[in-house]
Amino acid sequence: MTLRHFLRDDDLTPAEQKQVLELGMAFREDRQVRQPLAGPRAVAFITDKPTLRTQVSFATGIAELGGFPMVVDGNLAQIGKRESIADTTHVLDRMVSAIVWRTFGDDRIREMAAASGVPVVNALTDGFHPCQILADLLTVAQHRGGVAALPGQVLTYVGDAANNMGNSYLLGGVTAGLHVRVGGPDGYLPDEAIVARAREIAAQTGGSVTVTTDAAEAVAGADVVATDTWVSMGAEAEAEARAQVFLPYQLDAALLAQAKPDAIVLHCLPAYRGKEITAEVIDGPQSVVFDEAENRLHAQKALLTWLLEQR
Ligand code: NVA
């Protein structure tokens, strides 16, 4: 048994991701099916950025696993400022069974994981949002006949394809054997290293990767269409410039009409109606965004249970 962390989507192999998703489906059926944190054992949830769904779903999930969710305000904790990240981690891991952290640079969470004696989970960084993608995959499974139905599904993400969601859709999607298409403007496409890594995984799983600046081409015939805010946390100063550049990638009824007629619509939320998605689409019959939000709970409980079992 080895200590495992979940910092980016490809930290789980395809077989491991499948185990986590199957367990997530079991938690959907029975929220108390497993209680690995009974005691209660504490899990620290630390956030350096705004949060609602992530904090609530982790706190609820940790409690439902029998544990104690210890919410730590990053503004008070000032991780990396008053002492090294490693020193903070050495204190935390004497007390808690896992550490869940939402922060800025991926280097910060990598530094924590390198020092930690307990699993470290990425609850969103500038580079990745892997817990969200587990929830999204669970949502596709929920609407498409289970985890076994995931391979071969076409999932399109339009908008800011250089952000954490774009990166995580690429890596997490192909891990599940999906055909992942990302559509965004020049200058907001994923890094070549992420695309190369996604192609490497896709070669093992039967998935594929398409990167394009053509929104209609990206969405054509898709089973799942997703988008995200054009202005991620930390990029607020660029809001006005981004609104112009991203407008052709707005998920409106006309763009959604390019997808399969029964395509489902995902958005990690919070959503800005009239910006990246129209009210008609997010509030329309194809939208499953609140199933997706609920699935954060089930997916993260499954992930924590799985990580605790590896020790
Ligand atoms: N890309 C967004 C996701 C919000 C859940 C951000 O990082 O702000």
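Note that the structure is predicted; figures quoted are calculated from it, not measured.

### A look at the overall build of the protein chain
Link 1 in the chain: For the protein chain, the count of helices and strands is 13 helices and nine strands.
Link 2 in the chain: The globule rule puts the C-alpha radius of gyration for 311 residues at 19 Å, and the 19 Å found for the protein chain is close to it.
Link 3 in the chain: Oriented by its inertia axes, the alpha-carbon framework of the protein chain measures out at about 55 × 40 × 35 Å.
Link 4 in the chain: Counting over 311 residues, the protein chain shows a buried share of 58%.
Link 5 in the chain: Long-range pairs, those at least 24 residues apart, make up 77% of the contacts in the protein chain between residues at least 6 apart in sequence.
Link 6 in the chain: Accessible surface computed for the protein chain: about 12200 Å², of which carbon and sulfur atoms make up 52%.
Link 7 in the chain: Side chains of the protein chain give 26 positive and 39 negative charges; the mean places of these two sets differ by 5 Å.

### Notes on the sheet that holds strand S1 (residues 42-47)
Link 1 in the chain: Reading across the sheet, the four strands line up as S2-S1-S3-S4 and stay open at both edges, with parallel pairing between neighbours. Strand pairing shows two members of the sheet lacking a second neighbour, strand S2 (68-73) and strand S4 (120-122), which therefore form its edges. Across the sheet, the mean angle from the axis of one strand to that of its neighbour is 20°, orientation sign disregarded.
Link 2 in the chain: Bridge analysis of S1 against S2 gives six bridges, and the strand direction is parallel. Bridge assignment links Ile46 to a residue of S2, and that residue is Val72.
Link 3 in the chain: The strands that helix H5 (residues 106-115) touches are strand S3 (98-102) and S4; relative to S4, the one it contacts most, it runs at about 165°.

### Some remarks on helix H1 (residues 14-29)
Link 1 in the chain: Taking 1.5 Å per residue, 16 residues should reach 22 Å; H1 reaches 23 Å between its end C-alpha atoms and fits that length.
Link 2 in the chain: Among all positions in H1, only Glu16, Gln17, Val20, Leu21, Leu23, Gly24, Met25 and Phe27 are buried.
Link 3 in the chain: Next to the buried residues of H1 lie helix H6 (130-144), helix H7 (164-175) and helix H13 (289-309).

### Quick word on the sheet that holds strand S7 (residues 208-212)
Link 1 in the chain: With respect to topology, five strands assemble into an open sheet ordered S7-S6-S5-S8-S9, the strand pairing being parallel. The open sheet is flanked by S7 and strand S9 (264-267), the only strands paired with a single partner. Looking at each pair of strands side by side, their axes are set apart by 20° on average, direction ignored.
Link 2 in the chain: Running at roughly 160° to S9, H6 makes contact with strand S8 (224-227) and S9 of the sheet.

### Things to note about the pairing of S9
Link 1 in the chain: Of the two faces of S9, the one lined by Ile264 and Leu266 and the one lined by Val265 and His267 are each fully buried.
Link 2 in the chain: Summarising the sheet, S8 and S9 pair through four bridges and their orientation is parallel. Paired with Val224 across the two strands is Ile264, which belongs to S9.

### With respect to the side chain of Asp223
Link 1 in the chain: Secondary-structure assignment places Asp223 in the loop between helix H9 (215-219) and S8.
Link 2 in the chain: Side-chain polar atoms of Asp223 contact the side chain of Lys260, separated by 2.7 Å.
Link 3 in the chain: Here Asp223 is in contact with Arg144, Gly152, Gln153, Val154, Lys260, Ala263 and Ile264, once residues within four sequence places are set aside.

### Structural notes on the pattern of salt bridges
Link 1 in the chain: Using the criterion set out here, one finds 14 salt bridges in the structure.
Link 2 in the chain: Residue Arg4 pairs with Glu16 through a salt bridge whose shortest N-O separation is 2.7 Å. In this pair, Arg4 sits in the segment before H1 while Glu16 sits in helix H1, placing the two residues 12 residues apart along the sequence. The pair formed by Arg4 and Glu16 is uniform in burial state, with each residue classed as buried.
Link 3 in the chain: The residue Arg242 makes a salt bridge to Glu238 at a minimum N-O spacing of 2.7 Å.
Link 4 in the chain: Judged by its relative accessible area of 8%, Arg242 falls in the buried class.
Link 5 in the chain: Each member of the salt-bridge network shares a partner with another, and the members are Arg8, Asp10, Arg197 and Glu200.

### Some points on the layout of surface pockets
Link 1 in the chain: Reported here for the largest pocket is a volume of approximately 370 Å³.
Link 2 in the chain: Taken together, 22 residues make up the lining of the largest pocket; nearest its centre are Arg102, Leu124, Met233, Leu269 and Pro270.
Link 3 in the chain: Those elements that place two or more of their residues in the lining of the largest pocket are helix H2 (53-64) and H7.
Link 4 in the chain: Class assignment of the residues belonging to the lining of the largest pocket gives a composition of 10 nonpolar, seven polar and five charged.
Link 5 in the chain: For the second largest pocket, the full set of lining residues is Lys49, Phe104, Asp126, Asp160, Asn163, Asn164, Ser232, Met233, Gly234, Ala235, Glu238 and Arg242.
Link 6 in the chain: Looking at the lining of the second largest pocket residue by residue, the class counts come to three nonpolar, four polar and five charged.

### So, the environment of Val224
Link 1 in the chain: Counting through the fold element by element, Val224 comes out in strand S8.
Link 2 in the chain: In this structure Val224 comes out as buried when scored by relative accessible area, which is 0%.
Link 3 in the chain: For the pair Val224 and Val265, spaced 41 residues apart in sequence, the C-alpha to C-alpha distance is 5.9 Å.
Link 4 in the chain: Filtering out sequence-adjacent residues up to four positions away, Val224 remains in contact with Val140, Gln153, Val154, Leu155, Thr156, Ile264 and Leu266.

Here is what the cut-offs are and how they apply
- Residues numbered from 1 in each chain as written.
- Predicted model: local features only at pLDDT ≥ 70, side-chain atom pairs only at ≥ 80, totals over all residues.
- Heavy atoms only, no water.
- Helix = DSSP H or I, 4+ residues; strand = E, 2+ residues; numbered from the N terminus.
- Rg over C-alpha atoms; globule rule 2.2 N^0.38 Å.
- Buried < 20%, exposed > 50% of the residue type's maximum accessible area, 1.4 Å probe, protein only.
- Contact = heavy atoms within 4.5 Å.
- Areas by Shrake-Rupley, 256 points an atom, 1.4 Å probe, with all protein chains shown as cover.
- Lys, Arg positive; Asp, Glu negative; His and termini not counted.
- Charge placed at Lys NZ, Arg CZ, Asp CG, Glu CD.
- Pairing = 2+ DSSP bridges.
- Axes fitted to C-alpha atoms, helices over the stretch in contact; angles between N-to-C directions.
- Expected span 1.5 Å × (residues − 1).
- Polar contact = N/O pair within 3.5 Å; in protein donor to acceptor, adjacent residues only side chain to side chain.
- Salt bridge = Lys/Arg side-chain N within 4 Å of Asp/Glu carboxyl O.
- 1 Å grid on protein atoms, 1.4 Å probe; cavity = no way out; pocket = protein on both sides within 12 Å on 5 of 7 lines; lining within 4 Å.
- Points joined across faces, edges and corners; volume = space filled by probe spheres on them.
- Nonpolar A, V, L, I, M, F, W, Y, C, P; charged D, E, K, R; others polar.

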